[in-house]
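# Summary of structural features
The primary structure of each chain is shown beneath.
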Amino acid sequence: MVYTTKRILLDKRPSGFPAVENFSIDTVTLPQLNEGEILIKIKYLSVDPYMRNRMNKAKSYIEPYETGQPISGDGIAEVLESKNEEYKSGDIISAIVPWQEYAILSGNPYKIPSADNYITEYLGILGLTGLTAYFGLNKIAFPRSGETMVISGAAGAVGMAAGQMAKIYGCRVIGIAGSDEKCAFLKNTLKFDTALNYKTSKNLRKAVKQAAPDGVDIYFDNVGGEISDSIMYLLNDFSRIVLCGQIALYNQNRLSLGPRLNSLLLIHRVKMQGFIVYDYRDEFPAAREQISEWLKNGKLINRETVISGFDQILTAFLNLFQGKNTGKMIVKIA
Ligand code: NAP
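Residues numbered from 1 in each chain as written. Predicted model: local features only at pLDDT ≥ 70, side-chain atom pairs only at ≥ 80, totals over all residues. Heavy atoms only, no water.

### Structural notes on the domain arrangement of the protein
By the assigned domains, the protein splits into domain 1 (4–124 + 303–332) and domain 2 (128–278). The C-alpha-based centres of domain 1 and domain 2 are spaced at 29 Å. Contact residues are listed per partner, giving 22 residues for domain 1 and 16 residues for domain 2. When residues of domain 1 are sorted by the area they lose upon contact with domain 2, Tyr-61, Arg-303 and Thr-326 head the list and together hold 26% of the total. Taken together, domain 1 and domain 2 are joined by 0 salt bridges. Applying the counting rule to domain 1 against domain 2 returns 8 residue pairs in polar contact (both at pLDDT 80 or more). Class assignment of the residues belonging to the side of domain 1 that touches domain 2 gives a composition of 8 nonpolar, 9 polar and 5 charged. (Domains from an automatic or database assignment. Contact = heavy atoms within 4.5 Å. Buried area = accessible area lost by both parts, 1.4 Å probe. Salt bridge = Lys/Arg side-chain N within 4 Å of Asp/Glu carboxyl O. Polar contact = N/O pair within 3.5 Å; in protein donor to acceptor, adjacent residues only side chain to side chain. Nonpolar A, V, L, I, M, F, W, Y, C, P; charged D, E, K, R; others polar.)

Encoded structure:
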């Protein structure tokens, strides 16, 4: 059978905040399958903040997107046709896929077990964002029971997972998020000890200090910028900063330097370490098993924001920078 598909391409690299004008949509006919390839129908796509950085032509841990080529990212798809003996029609896979309705893949994408009730979870809590939370805590923060952890971007995909995991490890958790609804979700549903709305707080540093009278032992940073500056003054001796993401800076053409806070890190012997979740690729299966067990026994609660329709992909992506998601932002394609 011959398949035609819509594709979303990077047209012009964004300067500052991305907009729909930076992208274009075309329709192409897919070629016939070669040996080793599968034809997939994409069911769900993940939109993620890191994609903004890949739209710049800058050196990073991952190659930039090429202009004139489709954006790609994590997706869940159904195999329609296969010339790879490992896969058959009807299999559900999780893989890096282009922003298309249909695509041809080679390689060995992860086959989601047919007995598994989880599907979209593989784009979030059982996928890269859940794993990011898990490895940020277990490889950098080393949380101990009774410690206080502050987390920015707390109601997002990584944030809500990291905060709940820190609770499992016995920490007191303070989440920072951008709306009262998100803060109510963090406190009432996820049982964070405190949730602070950075958009309405007149003095975030004072508010965190009140919530953490004994200081901060772990700062799980998803955001950077002024929110992070306000935490630096509250860090305890030998505290740890998990440098996970800096979304507040992704749309800045030039990095604002802000106050120089390194002396605070020195005085308090703070460890600050960046990481990329793929550093721990070999340990993904064991981590997934643990996260899946927490999900099954109710210790972890999952939340997703699902938007429907291929034509909504760009809106979903742009909405990440407006805080319109709680938990993982996912687009349902088919
Ligand atoms: P997410 O938190 O689900 O979505 C983004 C959220 O960031 C928004 O909902 C918004 O929430 C907040 N935000 C957006 N612009 C902001 C700004 N200017 N200042 C403060 N908050 C802002 O995204 P995610 O997938 O969980 O990713 C969170 C962070 O982790 C990102 O920085 C991402 O790049 C990073 N990350 C790192 C790795 C790694 O391997 N190191 C892996 C995955 C993700 P509010 O309503 O609260 O503003």
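Additional details are given in the paragraphs that follow.
### Some remarks on the layout of surface pockets
Counted as a void, the second largest pocket has a volume near 380 Å³. Taken together, 13 residues line the second largest pocket, and the ones lying closest to its centre are Tyr-110, Leu-128, Arg-281, Phe-284 and Arg-288. Broken down by secondary-structure element, the contributors of at least two residues to the lining of the second largest pocket are strand S5 (92–98) and helix H8 (284–296). Split by residue class, the lining of the second largest pocket holds 8 nonpolar, 2 polar and 3 charged. (1 Å grid on protein atoms, 1.4 Å probe; cavity = no way out; pocket = protein on both sides within 12 Å on 5 of 7 lines; lining within 4 Å. Points joined across faces, edges and corners; volume = space filled by probe spheres on them. Helix = DSSP H or I, 4+ residues; strand = E, 2+ residues; numbered from the N terminus.)

### Quick word on helix H2 (residues 128–141)
Residue pairs three or four apart in sequence face the same way in an α-helix, which turns once every 3.6 residues. Spanning 14 residues, H2 covers 18 Å between terminal C-alpha atoms, matching the ideal 20 Å at 1.5 Å per step. Summarising burial for H2: 12 of the 14 residues are buried, a large majority. Among the residues of H2, Leu-128, Thr-129, Gly-130, Leu-131, Thr-132, Ala-133, Tyr-134, Phe-135, Gly-136, Leu-137, Ile-140 and Ala-141 are the ones counted as buried. Directly beyond the C-terminal end of H2, a positive phi value near 45° is found at Phe-142. (Expected span 1.5 Å × (residues − 1). Buried < 20%, exposed > 50% of the residue type's maximum accessible area, 1.4 Å probe, protein only.)

### Here's the deal with the site of the ligand
The local shell around the ligand holds 27 residues, among which Lys-182, Tyr-198, Tyr-250, Val-277 and Asn-325 are the closest. Cys-244 places a main-chain nitrogen or oxygen 3.0 Å from a nitrogen atom of the ligand. The contact in question runs from an oxygen atom of the ligand to an N or O atom on the backbone of Val-277, over 2.7 Å. Relative to its unbound accessible surface of 910 Å², the ligand loses 90% to contact with the protein. Within the residue set of the shell around the ligand, elements represented by two or more residues are H2 and helix H3 (157–168). (Near = heavy atom within 4 Å. Areas by Shrake-Rupley, 256 points an atom, 1.4 Å probe, with all protein chains shown as cover.)

### What about the packing of H2 against H8?
The contact between H2 and H8 brings their axes to 10 Å, and the two run at 95°. Put simply, H2 runs roughly perpendicular to H8. Contacts between H2 and H8 involve Leu-128, Gly-130, Leu-131, Tyr-134 and Phe-135 from the first element and Phe-284, Ala-287, Arg-288, Gln-290, Ile-291 and Trp-294 from the second. (Axes fitted to C-alpha atoms, helices over the stretch in contact; angles between N-to-C directions. Parallel < 35°, antiparallel > 145°, perpendicular 65-115°, else oblique.)

### Looking at the pairing of strand S1 (residues 4–10)
Sheet faces and side chains relate simply in a regular strand, where the side chains alternate between the two faces. The element S1 is extensively covered by neighbouring structure, given that 5 of its 7 residues are classed as buried. Here S1 runs beside strand S2 (residues 23–29); their pairing, made up of 7 bridges, is antiparallel. Paired with Leu-10 across the strands is Phe-23, a residue of S2. (Pairing = 2+ DSSP bridges.)

### Considering the side chain of Asn-84
Tracing the chain through its elements places Asn-84 in the loop between strand S4 (72–82) and S5. Residue classification places Asn-84 among the buried residues on the basis of a relative accessible area of 13%.

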